[in-house]
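Read off the chains here:
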Amino acid sequence: MAGKATLSIKDKKTELDVLTGTLGPEAIDVSSLLSNTGYLTYDPGFQSTASCESKITFIDGDQGILLYRGYPIDQLALESNFVEVCFLLLNGELPDKIQLKEFRNAINRHTMVHEQIRNFFNGFRRDAHPMAVMVGVVGALSAFYHDTLDIKNPEHRAISALRLIAKMPTIAAMCYKYSVGQPFMPPQNHMSYAENFLHMMFATPCEETRPNPVLVKALDRIFILHADHEQNASTSTVRLAGSTGANPFACVSAGIAALWGPAHGGANEAALNMLREIGHVSRIPQYIARAKDPNDNFRLMGFGHRVYKNYDPRATVMRETCHEVLETVGAHDAPIFKIALELERIALEDDYFIQRKLYPNVDFYSGITLSAIGIPANMFTVIFALARTIGWVAHWNEMISSPYRLSRPRQLYTGSKERPYVPVEARK
Ligand code: SDX
């Protein structure tokens, strides 16, 4: 605890504890404010609210810093791999060789889904958005594991975490295969996590293929970049759902639903669609003008961030990865990449964006990269959900494994005061 803050309301002074973390802003503990003063705090959008204490991820938005359990995101993205990062986020430390091997093997024992899961897909239209399918199928997983849903049991929490990490790629690839009318491809446990996903996405029973190792490495890096991001909207959704005692599959399904929105994880699909709509660098100025027009609700998708008021460190790695992938697939002169680079250059020189500290975020280049890998735009947020599952599960587990309370915010009520019911005959 770092000391006290004094709140003066009319003639009454109230002392509040000031809490100090390892890094980042200190926090004023207002948990007893209502009982001590009769006042609520008011913070729509939670711009100034710490909803919990966490040891998993740290973001410094002004410095453009992102740490997973203290390790800088660019070092992990360039030197680690996604399965190792999953272990790190879940357990707090990098695994040794034996731990990493055991963790990878444990994931491999859960990559298949129950055969009955196939039936859920038949209830969807082939052109259903894959995020709608993911919300339904992932939530339905809780119908298959009645014997291990005691969230107070650490072993049940551990097996649920493994099942979610292991099955998300399988379910995500099934969403794609169902949409294109191709047979589901079973997971190949001898392949790496990202390689297996690309195999399940693009292989067919008709011929043996191996995904391009450069694309596998790029996708693994994309998974790392999207793995966690402290208390973002979807992770906060998972924590709030988890605080009711809901099972982890239902909580992750709620997280998937929250991620879908274009202000959050849906921005990668929206950013690519925006770049395609711009179509040529000569049309960029008119879109910049629209983004600046207060009467036009158009926004530059992939730009801006609630926390980052500097360059999103993930966007830097994402742009480099994008360039590598485009080189690999022979699309280094892809017009859409040129539009993105020029749009970024113009925006970063424009006072409107400079004053509002609007920089490209992780979603700005991810869409171009995923598209170059061959992944359709409506699967981009599914990839985001696949990667973010480890973040959601790590935060859920962190909350449930230590004392927690039901999350139940209050409100500032501005509706009608009490009034008597009026029978319809007597109404004007
Ligand atoms: C993710 O929280 C996370 O960590 C999320 C995420 C994660 O890993 O989980 O990082 C992933 O969701 C990244 C963000 C992806 N979303 C987008 O790219 C969509 C476009 N961005 C915006 O919608 C917006 O920037 C938000 C939603 C991301 C943040 O909005 P805020 O913090 O609520 O800021 P705001 O809307 O109050 O904007 C402040 C000003 C406003 O102008 P004024 O009213 O001051 O005149 O900046 C303007 C906004 O109009 N503005 C933009 C803009 N983003 C903000 N103007 C044009 N284009 C934009 N993209």
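In the block above lies the structure referred to throughout.
Now for a look at the structure at hand. (Residues numbered from 1 in each chain as written. Predicted model: local features only at pLDDT ≥ 70, side-chain atom pairs only at ≥ 80, totals over all residues. Heavy atoms only, no water.)

## Some points on the sheet that holds strand β4 (residues 57-60)
In step 1: Sheet architecture is open: three strands sit in the order β4-β5-β6, paired in antiparallel fashion. At either end of the open sheet lies a strand with only one pairing partner, and these are β4 and β6 (71-72).
In step 2: Sheet topology note: the β4/strand β5 (residues 65-68) ladder contains four bridges and is antiparallel. What sits directly across from F58, in β5, is L67. (Pairing = 2+ DSSP bridges. Helix = DSSP H or I, 4+ residues; strand = E, 2+ residues; numbered from the N terminus.)

## Regarding the pattern of salt bridges
In step 1: The final tally for this structure, using the stated rule, is 14 salt bridges.
In step 2: Measuring nitrogen to oxygen at the nearest pair gives 2.7 Å for the salt bridge that ties K292 to D350. Residue K292 is located in helix α13 (residues 284-292), and its partner D350 is located in the loop between α15 (335-349) and α16 (351-355); the two are separated by 58 residues in the primary sequence.
In step 3: Note on K292: relative accessible area 33%, which makes it partly exposed.
In step 4: With a relative accessible area of 15%, D350 lands in the buried category.
In step 5: Of the charged contacts in the structure, one is a salt bridge between R345 and E342, with a shortest N-O distance of 2.6 Å. Of the two residues, R345 and E342 are both situated in helix α15; the distance of three residues between them amounts to about one turn of the helix.
In step 6: Judged by relative accessible area, which is 39%, R345 ranks as partly exposed.
In step 7: Ionic contacts of the salt-bridge type, sharing partners, join the residues E277, R290 and D296 into one network. (Salt bridge = Lys/Arg side-chain N within 4 Å of Asp/Glu carboxyl O. Buried < 20%, exposed > 50% of the residue type's maximum accessible area, 1.4 Å probe, protein only.)

## Quick word on the pairing of strand β2 (residues 12-19)
In step 1: Summarising the sheet, strand β1 (residues 3-9) and β2 pair through seven bridges and their orientation is antiparallel. Each residue of the ladder has a partner; that of L7, found in β2, is T14.
In step 2: The turn joining β1 and β2, which pair antiparallel and follow one another in sequence, is formed by two residues; a positive phi near 55 degrees is taken by K10.
In step 3: Here β2 runs beside strand β3 (residues 27-28); their pairing, made up of two bridges, is antiparallel. When the bridges of β3 are listed, L19 appears paired with A27.

## As for the nonpolar core
In step 1: Grouped together as the largest cluster of nonpolar side chains are 119 residues, with contacts concentrated most on Y68, F121, F223, L300 and I368.
In step 2: Here the element with the most residues in this core is helix α18 (residues 380-400); it accounts for 14 residues.
In step 3: Not counting chain neighbours up to four residues away, the residues in contact with F121 comprise V133, V137, I171, M174, C175, Y178 and F184. (Core = buried A, V, L, I, M, F, W, Y, C linked by side-chain atoms within 4.5 Å. Contact = heavy atoms within 4.5 Å.)

## What about the site of the ligand?
In step 1: Near the ligand, the surroundings consist of 23 residues, among which H229, L300, H305, R306 and R314 are the closest.
In step 2: Note that an oxygen atom of the ligand is positioned 2.6 Å from one of the side-chain N or O atoms of H305.
In step 3: Between the ligand and R306 there is a distance of 2.7 Å, counted from an oxygen atom to a side-chain nitrogen or oxygen.
In step 4: Looking at the shell around the ligand residue by residue, the class counts come to ten nonpolar, seven polar and six charged. (Near = heavy atom within 4 Å. Polar contact = N/O pair within 3.5 Å; in protein donor to acceptor, adjacent residues only side chain to side chain. Nonpolar A, V, L, I, M, F, W, Y, C, P; charged D, E, K, R; others polar.)

## Thoughts on the environment of V325
In step 1: For V325, the position within the fold is in helix α14 (residues 313-328).
In step 2: When its relative accessible area of 0% is taken as the criterion, V325 is described as buried.
In step 3: For the pair V325 and A372, spaced 47 residues apart in the sequence, the C-alpha separation amounts to 6.8 Å.

## Observations concerning the packing of aromatic side chains
In step 1: Across all of its chains, the model carries 17 aromatic pairs by this definition.
In step 2: Seen from their ring centres, Y193 and F223 are 6.1 Å apart, and the 85 degrees between their planes marks the pair as edge-to-face. One end of the pair, Y193, is in helix α8 (residues 193-202); the other, F223, is in helix α9 (residues 213-225), and 30 residues separate them in sequence. In this structure, Y193 and F223 share a single accessibility class: buried.
In step 3: Measuring from ring centre to ring centre gives 6.2 Å for F197 and F223, while their planes differ by 65 degrees; the resulting arrangement is edge-to-face. Note that F197 is positioned in helix α8 and F223 in helix α9, a separation of 26 residues in sequence. Here F197 and F223 have matching classes, each one buried.
In step 4: Three or more aromatic residues joined by ring pairs make a cluster, and in this case those are F303, F337, Y352, F353, F364 and Y365.
In step 5: The lysine or arginine in question, R126, covers the ring of Y178, its NZ or CZ lying 4.2 Å from the ring centre. (Phe/Tyr/Trp six-rings, centres within 6.5 Å; stacked < 30°, edge-to-face > 60°. Lys NZ or Arg CZ within 6 Å of the ring centre and 35° of its normal.)

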